[in-house]
Amino acid sequence: ILFNAADKIHLLNESFKQDLPAFLHDKTVVIKNPTHPSKPVEQVQSFLNRKKELICVGRVENYQKNLLCLVRAFATIHEECPDWSLRIVGTGPSSKFLAQQAAKFGIADKVIFHGQTDTPEELYSQAQIYCIPSRFEGCPLGLIEAMSHGLPAVGFAECSGVNEMIIDGETGLLANGMASDSFAEQLLALIHDDDLRLSCSEKSTEASKKYSPDAIYDQW
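An account of the accompanying structure is given in this report. For every chain, the first residue of the written sequence is number 1, and numbering continues from 1 along that sequence. It should be noted that, the model being predicted, local features are given only for residues of pLDDT at least 70 and side-chain atom pairs only at 80 or more, the latter also being counted only at that level, while totals for whole chains, interfaces and linings use all residues. Each side-chain value is derived from all of the structure's non-hydrogen atoms; neither hydrogens nor water enter the calculation.

### A look at the overall build of the protein chain
Heads up, the rule is: Put simply, DSSP H or I for four residues or longer makes a helix, DSSP E for two residues or longer makes a strand, and each gets a number counted from the N terminus. Exposure classes here rest on a 1.4 Å probe applied to the protein chains alone. A residue is buried below 20% of its type maximum, exposed above 50%, and partly exposed in between. Each accessible area value is a Shrake-Rupley result obtained with a 1.4 Å probe; residue values ignore everything except the protein chains displayed when judging cover. Positive residues here are Lys and Arg, negative ones are Asp and Glu, while His and the chain termini are left out of the count. Taken as the charge centre is NZ of Lys, CZ of Arg, CG of Asp or CD of Glu, depending on the residue.
Per the secondary structure count, the protein chain includes ten helices and eight strands. Each of the three principal axes of the protein chain carries a C-alpha extent, and together these read 55 × 35 × 30 Å. Evaluated residue by residue, the protein chain yields a buried proportion of 48% over its 220 residues. Summed over its atoms, the accessible surface of the protein chain is roughly 11,000 Å², and 50% of this surface lies on carbon and sulfur atoms. If the 20 positive side-chain charges of the protein chain are averaged to one point and the 29 negative ones to another, these points end up 4 Å apart.

This is how it looks when you write it as structure tokens:
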């Protein structure tokens, strides 16, 4: 009833229209969240000379963010790429549980639970791959920030928001089925292919520009 009385209905993703009755679709407008351009970081290294690090930034919560899937995926691949590490940045109710799982999988020395930071740009600019294994999202700002720092991303094709922001094979890779094995496969595809990683990095930086405040505010 409330939506029917509205002049416009703002949505973050095209796919969200599916949750509305068809007669409301003409009233909807899709506008993404804005994110300010990345802050400059001193002594930024060329992309392939950065740390061999996967990074995930956000609330450390296991259901929506699906972080156990990420830890499992990394446990699957860490012996094949022993010089790579995983950094999980943020705080939340699942921090202790995930640390215990990392120890259980024998990768405690390879998974860094960084905690909260006020300077995420420094961490983005040091890593090479962004991980977002979420089950569902709206318009994840962490992903946009990562893209602005040239990070190719791996997420799930079934995840709302993420599946519209990661262009498979161009700005990152999309795994299928919400399965850790599929996520691990896509991580390895990026890790083992420097050219693909570099190409996705360049296209991610360019794609992030459409989320700048100027571009988004003009849509409003």
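### Points about the environment of phenylalanine 74
Quick reminder of the rule: Pairs of residues are marked as contacts when any of their non-hydrogen atoms sit within 4.5 Å.
Tracing the sequence through the fold places phenylalanine 74 in helix α3 (residues 67-77). Overall, phenylalanine 74 belongs to the buried group, its relative accessible area being 0%. When residues no more than four places from it in sequence are discounted, the contact partners of phenylalanine 74 are Leu54, Trp84, Ser85, Leu86, Ile107, Lys110 and Val111.

### Section: the packing of aromatic side chains
This is how it is decided: A pair of aromatic rings is counted whenever rings of Phe, Tyr or Trp (Trp by its six-membered ring) have centres within 6.5 Å, and the orientation is called stacked for planes under 30 degrees apart, edge-to-face for over 60 and tilted otherwise.
In this structure the tally under the stated criterion is three aromatic pairs. With 6.2 Å between their ring centres and 55 degrees between their planes, tyrosine 124 and tyrosine 130 make a pair best called tilted. In this pair, the class of tyrosine 124 matches that of tyrosine 130, namely buried. Seen from their ring centres, phenylalanine 156 and phenylalanine 183 are 5.3 Å apart, and the 50 degrees between their planes marks the pair as tilted. Note that phenylalanine 156 is positioned in strand β7 (residues 153-156) and phenylalanine 183 in helix α8 (residues 180-191), a separation of 27 residues in sequence. Like phenylalanine 183, phenylalanine 156 is buried.

### Description of the packing of α3 against α8
As a reminder, the rule being used: Under this scheme, a helix contributes an axis fitted over its contacting stretch, all axes are lines through C-alpha atoms, and angles between N-to-C directions fall in the 0 to 180 degree range. To sort the angles, those under 35 degrees are grouped as roughly parallel, those over 145 as roughly antiparallel, those from 65 to 115 as roughly perpendicular, and the leftovers as oblique. Handedness of a crossing follows from how the near helix is turned relative to the far one, being left-handed for an anticlockwise turn of less than a right angle and right-handed for a clockwise one.
One way to put it is that α3 packs onto α8 with a least axis distance of 8 Å and a crossing angle of 55 degrees. Taken together, the axes of α3 and α8 lie oblique to each other. The way α3 lies across α8 gives a crossing that is right-handed. In this structure, α3 contributes Cys69, Leu70, Arg72, Ala73, Thr76 and Ile77 to the contact, and α8 contributes Ser180, Asp181, Phe183, Ala184, Leu187, Leu188 and Ile191.

Keep in mind these values describe shape, not function.
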